[in-house]
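Spelled out from the first residue to the last, the chains are:
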Amino acid sequence: MSFIRKIKKKSGTYLAEVESYRKNGYVKQRVIKYLGKDVNGKAVKRVSSDLIKIKSIKRSLDVLSVDKISNDLSLKEINNEYVLALIYSQLLEKRSINKLADWLRFTEIPEVLDLPEISIKKLYESLSEIEDDEFEELNTNMINVFRKYDDFSKAAVIDVTDTYFEGSSQKIKNRKGKEQKVRKLLQIGLAITFDHGFPILQKQFHGNLSQINILKDMVLALKELGLDSIIVDRGMTTPENIENLQKLEYAVIAGLKKSKKLVEDFISKIDREKIYTLANRVQLKSTEVFIQTFKYLKGELIVIYNPSYEILKKQINFNKGKESGPSIGYSLIYHNTKYPAKDIVKKYFDKDIIERAFKQLKGILNLRPIRVWLNEHVQGHVRICYFAYAILSLINYRLRRLKISAIDALDSLKTGYKVELNDTINNHQWSLTVELEPKQRKILKALGVVYKN
């Protein structure tokens, strides 16, 4: 029976596998093989470089980072490991599913997810295997994590975006979207936290449903989550919707469309000399505006005058041979909060955080266009993008002190590889992780990623 023995020499302590035997009545030991030098209780073997063979090189550090954040968000509780493979791939590589299998084999995704095999068929099938109950449970778990980092008593930001999709299984009439293309549309409602942009609600709607009705559905869901303050874009609000939000006891900051009645009742009564004063000025990030307030719907209507936009819009109209109406340069915000009007204007125009969220969903995460055909595949793809965005948002939060975005961090980490090595003489196998950029270690530490190097 063999055992490990420490052999002490002047150059250090070495480990060897030995076995006992008898010779001339004495017990002796013979060395079966040397394991290497003892370093902190581990055998470190010195091998000539010409005897080392590289077995494989796989993308590692970016995969380990996404896997760590996924685990922190409880996303690894997803029942199907192929769904997780799609989420990870959505963050790390823009490829269609039928080209994904080969790429996955050159990453550590199969190892960290314990994928028994890489099958295109199973990847496709997994799109339809995120059941509604499982999605809601996973979203609740994520929200509980996000509550540790963000104040949920503050406003959630709500907006809706269009995305096109292919396929004939959905009986939806073609409709002109925001990009003026006439195709089948899916509308995605998204609610995120105001401070850090953590996603807390995602819903999918028929392409022909009005955003006004979408808001009615979303605010009820947000109420169940315990939120009572929302910031809403003007495309989703009407006086009727505002009254409904008041009945639900919501604190609201909402843009309003310049209807004929609102223009006549408020904007037309603005005295340009009175609004265009230092006392009424509000400095925003890239411009300055001037405001005047009126009592409206048990709250306050803020009329905003933007001189720079007025000049720009008039110039555009002149170039097109159009006359500009009296409301050019004006916009409207309603609120029923305790905050001063100037603070409300800043909060509303700072809501570009949701525009960045949609930009990541539709650009970096490749949401548009959806090139799957079946209804359940369309829904599954959007949910995968939603979970991927949740991972991005938490990476952004943890890297905020380093002032490195999640996208830049993952781009840097993709050059970190795991190399599998083999000693061709003794068949000794080991692996090491290769860092190619100094900032990679800082990123991994901030994300809490532990790895072997």
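Everything here concerns the structure above.
Heads up: these notes are all about the structure in this document. (Residues numbered from 1 in each chain as written. Predicted model: local features only at pLDDT ≥ 70, side-chain atom pairs only at ≥ 80, totals over all residues. Heavy atoms only, no water.)

1. Some remarks on the packing of helix α1 (residues 61-72) against helix α16 (residues 439-447)
Where we set the bar: Angular values range over 0 to 180 degrees, each being the angle between N-to-C directions of two axes fitted as lines to C-alpha atoms, with helices fitted over their stretch in contact. By definition, any uninterrupted DSSP run of H or I lasting at least four residues is a helix, any uninterrupted run of E lasting at least two residues is a strand, and each is numbered from the N terminus. Each angle is binned into one of four classes, with values under 35 degrees roughly parallel, values over 145 roughly antiparallel, values of 65 to 115 roughly perpendicular, and all other values oblique. Crossing handedness follows the turn of the near helix against the far one: under a right angle anticlockwise gives a left-handed crossing, and clockwise gives a right-handed one. Any two residues whose heavy atoms approach within 4.5 Å at even a single point are treated as in contact. Residue type decides the class: Asp, Glu, Lys and Arg count as charged, Ala, Val, Leu, Ile, Met, Phe, Trp, Tyr, Cys and Pro as nonpolar, and the leftover types, Gly among them, as polar.
Closest axis-to-axis distance for the α1/α16 pair is 10 Å, and the angle between their directions is 15 degrees. Put simply, α1 runs roughly parallel to α16. Handedness of the α1/α16 crossing: left-handed. Here Leu 61, Ser 65, Lys 68 and Ile 69 of α1 lie close against α16, whose contacting residues are Gln 440, Leu 444 and Leu 447. Residue classes in the contact of α1 with α16 are distributed as four nonpolar, two polar and one charged.

2. Some thoughts on the nonpolar core
One broad rule of soluble globular proteins: the nonpolar side chains tend to lie buried together. Convention followed: Side-chain atoms within 4.5 Å are what join buried Ala, Val, Leu, Ile, Met, Phe, Trp, Tyr and Cys residues into a set we call a nonpolar core. Each residue is placed in one exposure class: buried if its accessible area under a 1.4 Å probe, protein chains only, is under 20% of its type's maximum, exposed if it is over 50%, and partly exposed if it falls in between.
Judged by nonpolar contacts, the single largest core of 101 residues is most densely connected at Leu 73, Ile 87, Ile 158, Leu 222, Val 345 and Ile 391. Sort the elements by how many residues they give to this core and helix α14 (residues 375-398) lands first, with 12 residues. Excluding residues that lie within four positions of it along the chain, Leu 73 makes contacts with Asn 141, Met 142, Val 145, Phe 146, Ala 390, Ile 391 and Leu 394.

3. Some remarks on the environment of Tyr 124
With respect to the element layout, Tyr 124 can be found in helix α5 (residues 120-126). On the accessibility criterion, Tyr 124 (32% relative accessible area) is partly exposed. Note: C-alpha distance between Tyr 124 and Val 83 (41 residues apart in sequence) is 9.4 Å. Apart from residues no more than four positions distant in its own chain, Tyr 124 is found in contact with Ile 97, Asn 98 and His 377.

4. Section: a nonpolar patch on the surface
Cut-off, in case you're wondering: Within this analysis, patches are made of residues with over 30% relative accessible area and no salt bridge. Like charges are joined at 9 Å or less; nonpolar side chains (Val, Leu, Ile, Met, Phe, Trp, Tyr) at 5 Å or less. Shrake-Rupley sampling with a 1.4 Å probe provides the accessible areas, and residues are treated as covered by the protein chains on show and by no other component. The working definition used for a salt bridge is a side-chain nitrogen of Lys or Arg within 4 Å of a carboxyl oxygen of Asp or Glu.
Together, Tyr 309, Leu 312 and Ile 316 line one region of the surface with nonpolar side chains, adding up to about 280 Å² of accessible area. Its location among the elements puts Leu 312 in helix α11 (residues 307-319).

5. With respect to a negative patch on the surface
Test applied: Residues counted as positive are Lys and Arg, residues counted as negative are Asp and Glu, and His and the chain ends are not counted. Where a charge sits is defined by one atom per residue type, namely NZ (Lys), CZ (Arg), CG (Asp) or CD (Glu).
Taken together, Glu 77, Glu 129, Glu 131, Asp 133, Glu 136 and Glu 137 make up a surface patch of like negative charges. Structurally, the position occupied by Asp 133 is in helix α6 (residues 132-146). On the basis of relative accessibility, which here comes to 66%, the residue Asp 133 falls in the exposed class.

6. Some details on empty space enclosed by the protein
Empty space left among the atoms is revealed by rolling a probe the size of a water molecule over them. How we decide: A pocket, in this scheme, is an open set of points on a 1 Å grid over the protein atoms alone with protein on both sides within 12 Å along at least 5 of 7 lines, while a cavity is a set where a 1.4 Å probe fits but cannot get out; residues line either one if an atom lies within 4 Å of a point. Grid points are joined across faces, edges and corners, and a volume is the space filled by probe spheres set on the points.
Evaluation of the coordinates by the stated rule reveals one cavity of 30 Å³ or more. A volume near 50 Å³ is recorded for the largest cavity. If you trace the largest cavity, you find it lined by Asp 150, Asp 151, Phe 152, Lys 154, Ala 155, Ala 156, Thr 193, Phe 194, Asp 195 and Leu 227. For the lining of the largest cavity, the class distribution of residues is five nonpolar, one polar and four charged.

7. Here we look at the packing of aromatic side chains
Heads up, the condition is: Classification of ring pairs rests on two measures: the distance between centres of Phe, Tyr or Trp rings, Trp counted by its six-membered ring, which must be within 6.5 Å, and the angle between planes, read as stacked under 30 degrees, edge-to-face over 60 and tilted in between. The rule for a charge over a ring is simple: NZ of Lys or CZ of Arg within 6 Å of the ring centre, and within 35 degrees of the ring normal.
For the structure shown, the criterion picks out 14 aromatic pairs. Note on Phe 146 and Phe 198: the rings are 4.4 Å apart at their centroids and 5 degrees apart in plane angle, and the pair reads as stacked. With Phe 146 in helix α6 and Phe 198 in the loop between β9 (185-193) and β10 (199-206), this pair connects stretches of sequence that are 52 residues apart. As far as burial versus exposure is concerned, Phe 146 and Phe 198 are alike and both buried. Of the aromatic side chains, those joined through ring pairs into one cluster are Phe 146, Tyr 149, Phe 198 and Tyr 397. Over the ring of Tyr 339 we find Lys 347, and its NZ or CZ is 5.3 Å from the ring centre.

8. Remarks on the layout of surface pockets
The volume enclosed by the largest pocket comes to roughly 610 Å³. As for the largest pocket, its lining consists of 26 residues, and the residues nearest its centre are Arg 234, Asn 306, Tyr 309, Ser 331 and Phe 349. Breaking the lining of the largest pocket down by element, the ones donating at least two residues are β12 (251-256), α11, β16 (330-335) and α12 (341-349). Of all the elements, β16 adds the most residues to the lining of the largest pocket, at four residues. Considering only residue class, the lining of the largest pocket consists of 11 nonpolar, eight polar and seven charged.

9. Things to note about the environment of Tyr 389
Applied cut-off: Here a polar contact means two N or O atoms within 3.5 Å. Within protein one must be a hydrogen donor candidate and the other an acceptor candidate, and residues neighboring in sequence count only if both atoms are side-chain atoms.
Mapped onto the secondary structure, Tyr 389 falls in helix α14. The spacing of Tyr 389 and Gly 197 is 192 residues in sequence and 9.8 Å in space, taken between C-alpha atoms. At 2.7 Å, the side chain of Tyr 389 forms a polar contact with the backbone oxygen of Gly 197.

10. Here we look at the pairing of β10
The condition that has to hold: Strands were regarded as paired on the criterion that DSSP finds at least two bridges between them.
Where β9 meets β10, seven bridges bridge the pair, whose relative direction is antiparallel. Looking at the pairing, Ile 192 lines up with Pro 199 of β10. Counting the residues between successive antiparallel strands, the hairpin from β9 to β10 contains five residues, one of them, Gly 197, with a positive phi of roughly 70 degrees.

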